[in-house]
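The chain contents come next:
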Amino acid sequence: MVETTLVLLKPDCIAQKHSGEVISRFERAGLDIVGCKMLLLSDEVLAEHYAHVADRPFYPELRSFMQQSPVIALALNGEGAVKKVRDLMGPTDSRKAAKGTIRGDLGKDAMTNVVHGSDSPENAAIEVKRFFSDSELFEEELKR
Ligand code: ADP
Ligand code: MG
């Protein structure tokens, strides 16, 4: 199934100048960039995006980490894009992520873990819409 998934390059990724490296990994896996922007995450967007962890004790720290700098949001399209991105990222805790994964190679810990990637096709659809309007997505134009 061809899918579009949402990726965020987190502030640690930007600060350490790993954006190119991370995007290269996605491109080498055959994924196409169909949307791309840099933005500061508002309290509102962040609360919505991380609603599933809003009750956890680490949420205030997560919010300040995610608002340290702008993030880069990418919409990536391709066959099985959701799982491909998750496999390339590795698990949440960078210290437990295998070498060869983005988090295993470039991440610090469970919070400071380089990238976000949607965890299911259902959430991918919701998250892509959260960050991109229809006119900011170029899947059709890129086929021309
Ligand atoms: P993932 O990003 O792997 O899908 P979750 O959706 O469970 O992970 O959590 C969202 C984000 O919250 C993580 O990427 C990470 O930045 C942060 N986080 C999750 N669990 C922890 C934790 N135990 N301690 C600190 N930060 C965490
Ligand atoms: Mg998640």
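Quick look at the structure, then. (Residues numbered from 1 in each chain as written. Chains lettered and ligands numbered in written order. Predicted model: local features only at pLDDT ≥ 70, side-chain atom pairs only at ≥ 80, totals over all residues. Heavy atoms only, no water.)

Here the largest pocket is characterised by a volume of approximately 510 Å³. Lining the largest pocket are 23 residues; nearest its centre among them are Tyr50, His52, Val53, Thr92 and His116. Elements supplying a minimum of two residues to the lining of the largest pocket: helix 3 (43-49), helix 5 (81-89), strand 4 (115-117) and helix 7 (121-131). The biggest single contributor to the lining of the largest pocket is helix 7, with four residues. In terms of residue class, the lining of the largest pocket is built from nine nonpolar, seven polar and seven charged. Forming the walls of the second largest pocket are Met1, Val2, Glu3, Thr4, Val82, Pro121, Ala124, Ala125, Val128, Lys129, Asp134 and Leu137. Counting residues per element, the lining of the second largest pocket draws most heavily on helix 7, which supplies five residues. Among the residues making up the lining of the second largest pocket, the classes are represented as eight nonpolar, one polar and three charged. (1 Å grid on protein atoms, 1.4 Å probe; cavity = no way out; pocket = protein on both sides within 12 Å on 5 of 7 lines; lining within 4 Å. Points joined across faces, edges and corners; volume = space filled by probe spheres on them. Helix = DSSP H or I, 4+ residues; strand = E, 2+ residues; numbered from the N terminus. Nonpolar A, V, L, I, M, F, W, Y, C, P; charged D, E, K, R; others polar.)

Below, the discussion takes up the state of the cysteines. All told, the structure shown has zero disulfides when counted by the stated rule. Lacking any disulfide linkage, Cys13 is separated from the closest cysteine sulfur, that of Cys36, by 12 Å. (Disulfide = S-S within 2.5 Å.)

Peptide bonds are, in most cases, trans, and in most cases residues other than glycine have a negative phi. Not every positive phi belongs to a glycine, and Lys17 is a case in point at roughly 55 degrees. Among the secondary structure elements, Lys17 is positioned in the loop between helix 1 (11-15) and helix 2 (19-28). For Val114, which is not glycine, the phi dihedral falls at a positive 75 degrees. The residue Val114 is located in the loop between helix 6 (102-106) and strand 4 in this model.

With that settled, consider the side chain of His18. Structurally, the position occupied by His18 is in the loop between helix 1 and helix 2. Using a relative accessible area of 18% as the deciding quantity, one classes His18 as buried. (Buried < 20%, exposed > 50% of the residue type's maximum accessible area, 1.4 Å probe, protein only.)

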